[in-house]
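Breakdown of the fold
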Amino acid sequence: MDRRQFLSSAGGLGLVAALVPKPVDAAVSCFSVHNAKVRCTAGILQSPPIAAQPCRALTWATCLTYMLQGYGANISEGTVLDRYASDGACTDPTGDDTALLMGAAGTWSDDYGRRFLVLTRRLPYLSAGLLSADDARLIISRLARQPVLCGAAGHTTLLTELVYDDSMITRLKVTEATVRDPWTETPQLRPLTDKELSKPFSMVSLSIRAL
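Summary of the structure given here. Predicted model, so just to flag it, every value in this text is computed and none were measured.

Glancing now at the environment of P191. Along the chain, the position of P191 falls in strand 9 (residues 189–191). P191 gets classed as exposed once you look at its relative accessible area, which sits at 53%. In sequence terms P191 and D181 are 10 residues apart; their C-alpha atoms lie 9.7 Å from each other. P191 has contacts with A177 and T178, leaving out every residue within four places of it along the chain.

Right under this line is the structure:
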């Protein structure tokens, strides 16, 4: 999936009921490492830049705004914060980004008054360890269509790409992960560090249905 598809909109509503699905292998490329192992890359190769966020505690709002805008919603970060009754101060009202992101589920209106339904789903925890086939399928199929909200950095980023090893005798093993990171103290497009990948971290997928 490329930038134009992620930013696409449908009809007069300007909101897509669901991102146009593509076969999973359309966003996955693989090559043989040796006879028993294949290395694959899955995700969005050219994701749009994300707005810079100087407050680490508000990266969840910046990433959520990015996802909503990616679906075609005309919405600002201020509107997102208003929904959470936040004054935009550099504090996290719960200390739990995942809970805030999961709390986005429900009916919204964008700045043009267009109504849409947000659906959220908590994906399997990911770490540098092995992934079961079922868990890997869920994560990779989502990355084939859109970025995934990710908590590996200790604040919210957007997972855009995974590199993993697949073999006939073991489960999948993640070796690299690339994120869009809005926090101004880090590079915007960067690989997660070995330390960030070493611990299990939460991921949330988000989708929209126009009403």
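What follows covers the packing of aromatic side chains. Enumeration according to the criterion identifies 2 aromatic pairs in this entry. For the ring pair W60 and Y84, a centre distance of 4.7 Å and an interplane angle of 70° mean the geometry is edge-to-face. Remark: Y84 occurs in the loop between helix 3 (77–83) and helix 4 (97–102) and W60 occurs in helix 2 (residues 59–70); sequence separation between them is 24 residues. The exposure class assigned to W60 is buried, which follows from its relative accessible area of 0%. Their ring planes at 15° and their centres at 6.4 Å tell us that W108 and F116 sit as a pair that is stacked. Each member of the pair W108 and F116 is classed as buried. The ring of W183 carries the charged tip of R56 above its face, separated from the ring centre by 4.8 Å.

Tracing the backbone through its elements, the reader meets H155 in the loop between strand 6 (148–150) and strand 7 (157–167). A distance of 2.9 Å separates the side chain of H155 from the side chain of R56, its partner in a polar contact. Beyond its immediate sequence surroundings of up to four residues, H155 is in contact with R56, T59, D97, C150, D181 and W183.

Here G72 is to be found in the loop between helix 2 and helix 3. Assessed through its relative accessible area of 18%, G72 is described here as buried. For the pair G72 and D110, spaced 38 residues apart in sequence, the C-alpha to C-alpha distance is 9.6 Å.

Another point: the environment of K195. Position of K195 among the secondary structure elements: in helix 6 (residues 194–198). Residue K195 is classed as exposed on the basis of its relative accessible area of 64%. Considered as a pair, K195 and A152 are 43 residues apart in the sequence and their alpha carbons are 9.3 Å apart.

Turning to the state of the cysteines, a few remarks are in order. Per the stated rule, a full pass over the model turns up 1 disulfide. Note that C55 is cross-linked by a disulfide to C90, the S-S spacing being 2.0 Å. Residues C55 and C90 are joined by a disulfide whose S-S torsion is about 105°; by sign, that bridge is right-handed. Highlighted residues: C55 in the loop between strand 2 (37–43) and helix 2 and C90 in the loop between helix 3 and helix 4, separated in sequence by 35 residues. Classification of C55 as buried rests on a relative accessible area of 5%. Looking at the unpaired C63, the closest cysteine sulfur is the one in C150, lying at 9.2 Å. By relative accessible area, C63 is classed as buried at 0%.

Bringing the pairing of strand 8 (residues 172–180) into the picture now. Within a regular strand, the side chains alternate between the two sheet faces. Two elements, strand 5 (residues 130–131) and strand 8, share 2 bridges in a ladder whose sense is antiparallel. Within the sheet, the bridge partner assigned to L131 lies in strand 8 and is L172. Across 7 bridges, strand 7 lies against strand 8 in antiparallel orientation. Following the sheet pairing, V163 is matched in strand 8 by E176.

Here is what the cut-offs are and how they apply
- Residues numbered from 1 in each chain as written.
- Predicted model: local features only at pLDDT ≥ 70, side-chain atom pairs only at ≥ 80, totals over all residues.
- Heavy atoms only, no water.
- Helix = DSSP H or I, 4+ residues; strand = E, 2+ residues; numbered from the N terminus.
- Buried < 20%, exposed > 50% of the residue type's maximum accessible area, 1.4 Å probe, protein only.
- Contact = heavy atoms within 4.5 Å.
- Phe/Tyr/Trp six-rings, centres within 6.5 Å; stacked < 30°, edge-to-face > 60°.
- Lys NZ or Arg CZ within 6 Å of the ring centre and 35° of its normal.
- Polar contact = N/O pair within 3.5 Å; in protein donor to acceptor, adjacent residues only side chain to side chain.
- Disulfide = S-S within 2.5 Å.
- Pairing = 2+ DSSP bridges.

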